[in-house]
Amino acid sequence: MNRLTLIGMPGSGKSAIGRVIATRLGWRFIDTDHCIEKRFGKKLQAVVDEVGTEEFARIEEETVLALPEEGPVVISTGGSVVYSDAAMQHLAAISTVVFLDVPLPRLHGRIARAAPRGIVGMGAGGLEELYRNRFELYHKYAHSIVLLQGENLQEAATRVLFQCGVS
Ligand SMILES: Nc1ncnc2c1ncn2[C@@H]1O[C@H](COP(=O)(O)OP(=O)(O)O)[C@@H](O)[C@H]1O
Ligand SMILES: O=C(O)C1=C[C@@H](OP(=O)(O)O)[C@@H](O)[C@H](O)C1
Ligand SMILES: [Mg+2]
């Protein structure tokens, strides 16, 4: 197995851990948010502001369906990708899908520190409600679930690879 997709909440480390894994193994690294930034020539937040979250979710699906289907790769997705069954079926067909499960308190801190970004489906109930709504979806589509509680990026990458049987 030489193709991994990381899914999970915003701030769970998909982009940062994905890059560490790809660098360590010499695999290609694709971040679907970066693909969207490249296509539109602007930062992700500017794209979301311009098109709205509903259209953003459609663009995200389109981006996933256009991903290369061969070659060693780590694919880091945006947290909202699980709202698209078509995108998730595709990712499951072309890679091993790993849910990075990071407890809410840790996510809170990371999201508060990060630059603002449009979160799909964010309502009055905030991150807690979003987590509850998405949790089932992340579980539904994951081949493997990695619980991350205090590991740094290198340790987290090692955990993911160990759990997926990549050495
Ligand atoms: N396990 C970790 N240890 C330390 N910092 C982390 C860890 N995971 C993520 N981060 C940091 O949290 C922030 C959000 O991570 P990011 O990879 O962008 O998450 P995502 O792509 O899932 O939204 C970044 O600054 C990243 O370096
Ligand atoms: O969860 C979400 O709704 C989103 C997560 C973001 O990516 P990360 O999960 O990499 O932060 C980005 O795709 C967009 O802002 C929407
Ligand atoms: Mg990311």
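Residues numbered from 1 in each chain as written. Chains lettered and ligands numbered in written order. Predicted model: local features only at pLDDT ≥ 70, side-chain atom pairs only at ≥ 80, totals over all residues. Heavy atoms only, no water.

**Here we look at the site of ligand 2**
Point 1. Close to ligand 2 lie 15 residues, the nearest being Lys 14, Asp 33, Arg 117, Gly 118 and Val 120.
Point 2. One nitrogen or oxygen atom from the side chain of Lys 14 is found 2.7 Å from an oxygen atom belonging to ligand 2.
Point 3. Within the contact set of ligand 2, an oxygen atom lies 2.7 Å away from a backbone nitrogen or oxygen of Val 120.
Point 4. Burial of ligand 2 by the protein chains amounts to 98% of its free accessible area of 390 Å².
Point 5. Here the residues of the shell around ligand 2 are counted per class, giving five nonpolar, five polar and five charged. (Near = heavy atom within 4 Å. Polar contact = N/O pair within 3.5 Å; in protein donor to acceptor, adjacent residues only side chain to side chain. Areas by Shrake-Rupley, 256 points an atom, 1.4 Å probe, with all protein chains shown as cover. Nonpolar A, V, L, I, M, F, W, Y, C, P; charged D, E, K, R; others polar.)

**Let's talk about the sheet that holds strand β3 (residues 73-76)**
Through backbone hydrogen bonds, the strands of a sheet pair up, either in parallel or in antiparallel fashion.
Point 1. Ordered by their spatial adjacency, five strands build an open sheet running β2-β3-β1-β4-β5, and the pairing between neighbours is parallel. The sheet terminates laterally at β2 (28-31) and β5 (144-147), the two strands that pair on one side only. Each strand of the sheet is rotated relative to its neighbour by a mean of 20°, with strand direction disregarded.
Point 2. The pairing of strand β4 (residues 96-101) with β5 spans four bridges and is classified as parallel. (Pairing = 2+ DSSP bridges. Helix = DSSP H or I, 4+ residues; strand = E, 2+ residues; numbered from the N terminus. Axes fitted to C-alpha atoms, helices over the stretch in contact; angles between N-to-C directions.)

**Focus: the UniProt feature "binding site: ATP" (unreviewed entry) in the protein chain**
Point 1. Residues annotated in UniProt with the feature "binding site: ATP" (unreviewed entry) correspond here to Gly 11, Ser 12, Gly 13, Lys 14, Ser 15, Ala 16 and Arg 117.
Point 2. Here Ser 12 lies in the loop between β1 (3-7) and α1 (14-25).
Point 3. Judged by its relative accessible area of 2%, Ser 12 is buried.
Point 4. Residues contacting Ser 12, with those up to four places away along its chain left out, are Ile 17, Leu 100, Val 102, Leu 107, Arg 110 and Leu 148.
Point 5. Polar side-chain contacts of Ser 12 include one of 2.7 Å to the backbone oxygen of Met 9. (UniProt positions renumbered as here; feature names shortened; annotations may be inferred. Buried < 20%, exposed > 50% of the residue type's maximum accessible area, 1.4 Å probe, protein only. Contact = heavy atoms within 4.5 Å.)

**Looking at α1**
Owing to its 3.6 residues per turn, the α-helix brings residues three or four apart onto one side.
Point 1. With 12 residues, α1 extends 16 Å from end C-alpha to end C-alpha; this agrees with the ideal 16 Å at 1.5 Å per step.
Point 2. Residues Lys 14, Ile 17, Gly 18, Val 20, Ile 21 and Ala 22 constitute the buried set of α1.
Point 3. Those residues of α1 that are buried are in contact with β1, β2, β3, β4 and α7 (153-163).
Point 4. Just downstream of α1 lies Gly 26, where phi reads positive at about 75°. (Expected span 1.5 Å × (residues − 1).)

**Concerning the packing of helix α3 (residues 44-65) against helix α4 (residues 85-94)**
Point 1. With their axes 9 Å apart at the nearest point, α3 and α4 run at an angle of 25° to one another. With respect to α4, the axis of α3 lies roughly parallel. Relative to α4, the crossing made by α3 is left-handed. Residues Glu 61, Val 64 and Leu 65 of α3 pack against Ala 86, Ala 87, His 90 and Leu 91 of α4.
Point 2. Per-class residue counts for the contact of α3 with α4 are five nonpolar, one polar and one charged. (Parallel < 35°, antiparallel > 145°, perpendicular 65-115°, else oblique. Left-handed = near helix turned anticlockwise from the far one by under 90°.)

**With respect to the side chain of Asp 31**
Point 1. Within the secondary structure, Asp 31 sits in strand β2.
Point 2. In this structure Asp 31 is buried but unpaired, with Arg 19 as the nearest side chain of opposite charge at 6.2 Å.
Point 3. At 2.6 Å, the side chain of Asp 31 and the side chain of Ser 15 are in polar contact.
Point 4. Residues within four places of Asp 31 in sequence aside, it is in contact with Ser 15 and Ser 76. (Lys, Arg positive; Asp, Glu negative; His and termini not counted. Salt bridge = Lys/Arg side-chain N within 4 Å of Asp/Glu carboxyl O.)

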